[in-house]
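Results of the structural survey
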Amino acid sequence: MSDLQATEELNVKASQLDIIGDVHGCANTLQRLLQKLDYQKVAGVYRNPQRKVVFVGDIVDRGPRIREALAIVRDMVDAGEATMVLGNHELHALCYCLPNPNIPNHYLRPHTPRNTSIIQETLEQFANHSQDWQDHLRWLKQRPLYFQMPGVRVIHACWDQSVINRLAAVIPEARWSELADPASQLSRDVKRLTSGVELPLPEPHIMLSAEGYRRRSFRAGFWQSNPVNLGALAFQPDPLPDSVAALPVTDDIKAQLVVYDSSQPPLFVGHYWLNGSPKPITENIACLDYSAVKFGRLVAYRCDGRQTLHPNQYNWVYVDP
Ligand SMILES: [Mn+2]
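Here's a quick rundown of the structure.

What counts as what
Residues numbered from 1 in each chain as written. Predicted model: local features only at pLDDT ≥ 70, side-chain atom pairs only at ≥ 80, totals over all residues. Heavy atoms only, no water. Core = buried A, V, L, I, M, F, W, Y, C linked by side-chain atoms within 4.5 Å. Buried < 20%, exposed > 50% of the residue type's maximum accessible area, 1.4 Å probe, protein only. Helix = DSSP H or I, 4+ residues; strand = E, 2+ residues; numbered from the N terminus. Contact = heavy atoms within 4.5 Å. Donors = N, O, S within 2.8 Å, 3.2 Å for Na, K, Ca; no water. Pairing = 2+ DSSP bridges. Axes fitted to C-alpha atoms, helices over the stretch in contact; angles between N-to-C directions. Polar contact = N/O pair within 3.5 Å; in protein donor to acceptor, adjacent residues only side chain to side chain. Salt bridge = Lys/Arg side-chain N within 4 Å of Asp/Glu carboxyl O. Expected span 1.5 Å × (residues − 1). Bend = angle between axes of the 7 residues up to and from the residue.

Attention now moves to the nonpolar core. Nonpolar side chains tend to gather and get buried jointly when the protein is soluble and globular. With 106 residues, the main nonpolar core has L17, I19, I20, F55, M76 and F268 as its most contacted residues. For this core, the element with the highest residue contribution is helix α3 (residues 66-78), accounting for seven residues. Beyond its immediate stretch of four places on either side in the chain, I20 contacts L30, L33, L34, L37, V53, V54, F55, V56, L288, L298, V299 and A300.

What follows is the structure in structure tokens.
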């Protein structure tokens, strides 16, 4: 239903799409990338007569110009020049800000110090624009979790067909309250699509992320069918401790992975904070998050309709420190 809507709204072929990675409030960088891709501002909206944009989500949080970034993306979507799928940061923002209908003065996600720190930049930048923020929240609620058309799929973190089969692309209004319970099927499904496969670190190991968070889990490359050990399976900036990396991948862990083989349509994700020269992860999977907000690159893939992805189709701009 909703993925058909999205395809009809864009009204182009897969070969006319430019897919853009996690923006995280880097609005100036986004404008430079759009200009590099020959999008020009006409009547206040970036447009390219031949092409349309799909944003992989995570427009909000962390960066210096979140309001501007959200306005650029929203104006493009509303004008039919782009679509965007929800990232884990938009989901977090929605759940943090939407009231829990069952418990007065509570929200779908509790205001713990950690949850507050994730959304802090966004709330500070909208502090004097609270009506705008409420309006953006209503708009974000209507954005899809995934996008597909013949020859292209886009999702923030993990294409799990079994989950997608049971979810409408847009979360129905009546179901948002289910997200107040992290154990609900809907919460687990949405987390799977927007945050990917997170596996527990074997006891008693814990990791410290670069930002100082204690982590008891790690992000896995969901597409891998036969990784040699946990180190090969991990897909995140922080490497696993050596002793953990060498551990075998148990059948229990393998059962949590998704097979995404080379016969599937080209798939684009964000989310994973990559570094280095942009290139496909497999012949038909590309991650477009190259850590723009950490002074990496904001990356786009210029689709050409081919089944096999190619490094030449990447475009990027560096973020000015
Ligand atoms: Mn992100």
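More follows now that the structure is in view.
Let's shift gears to the coordination of the manganese ion. Octahedral six-donor coordination of a metal ideally yields angles of 90 or 180 degrees, compared with 109.5 degrees for tetrahedral four-donor coordination. Listed as protein donors to the manganese ion are D22 (OD), H24 (NE2) and D58 (OD); their distances from the metal cover 2.1 to 2.4 Å. Taken in chain order, the donor set of the manganese ion reads D-x1-H-x33-D. Here the residue D22 occupies a position in the loop between β1 (17-20) and α2 (27-36), and D58 occupies one in the loop between β4 (52-55) and α3, the gap between them amounting to 36 residues. In this structure, D22 and D58 share a single accessibility class: buried.

Once that is clear, we can look at the environment of Q313. You can see Q313 is positioned in the loop between β15 (297-302) and β16 (314-318). Setting aside residues up to four positions removed in sequence, Q313 forms contacts with A300, Y301, R302, D304 and R306.

Attention now goes to the sheet that holds strand β12 (residues 267-269). Taken together, the four strands give an open sheet; going across it, the order is β6-β7-β12-β13, and neighbouring strands pair in mixed fashion. Edge strands, defined here as strands with exactly one partner in the open sheet, are β6 (146-149) and β13 (285-287). Neighbour to neighbour, the strand axes of the sheet diverge by 15° on average, direction disregarded. In terms of strand pairing, β6 meets strand β7 (residues 152-155) through four bridges, oriented antiparallel. Residue Y146 lies in a different strand from β7, and its bridge partner there is I155.

By secondary structure assignment, the location of Q125 is in helix α5 (residues 113-125). Polar contacts involving the side chain of Q125 include one to the main-chain carbonyl oxygen of G63, which spans 2.9 Å.

Following the criterion strictly, the structure yields 13 salt bridges and no others. R51 is the salt-bridge partner of D18, the closest N and O atoms lying 3.1 Å from each other. Of the two residues, D18 sits in strand β1 while R51 sits in the loop between β3 (45-47) and β4, which places them 33 residues apart along the sequence. Like R51, D18 is buried. Of the charged contacts in the structure, one is a salt bridge between R74 and D135, with a shortest N-O distance of 3.0 Å. You can see R74 sitting in helix α3 and its partner D135 sitting in helix α6 (residues 130-141), a full 61 residues away along the chain.

With that out of the way, let us pick up α5. Compared with an ideal rise of 1.5 Å per residue, which puts 13 residues at 18 Å, α5 spans 18 Å between its outermost C-alpha atoms and is within 8% of the ideal. I119 marks where α5 bends most, by close to 55°. Taken as a whole, α5 has its buried residues at N115, I119, T122 and Q125. The secondary structure elements touched by the buried residues of α5 are α3, α4 (88-97) and α6.

Right, let's talk about unusual backbone geometry for a bit. A cis amide bond links E203 with the next residue in sequence, P204, at an omega value of 0°. Tracing the backbone shows P204 in the loop between β8 (197-200) and β9 (207-208). Even without being glycine, H271 reaches a positive phi, approximately 80°. Residue position: H271 is located in the loop between β12 and β13. For H271, a relative accessible area of 2% corresponds to the buried category.

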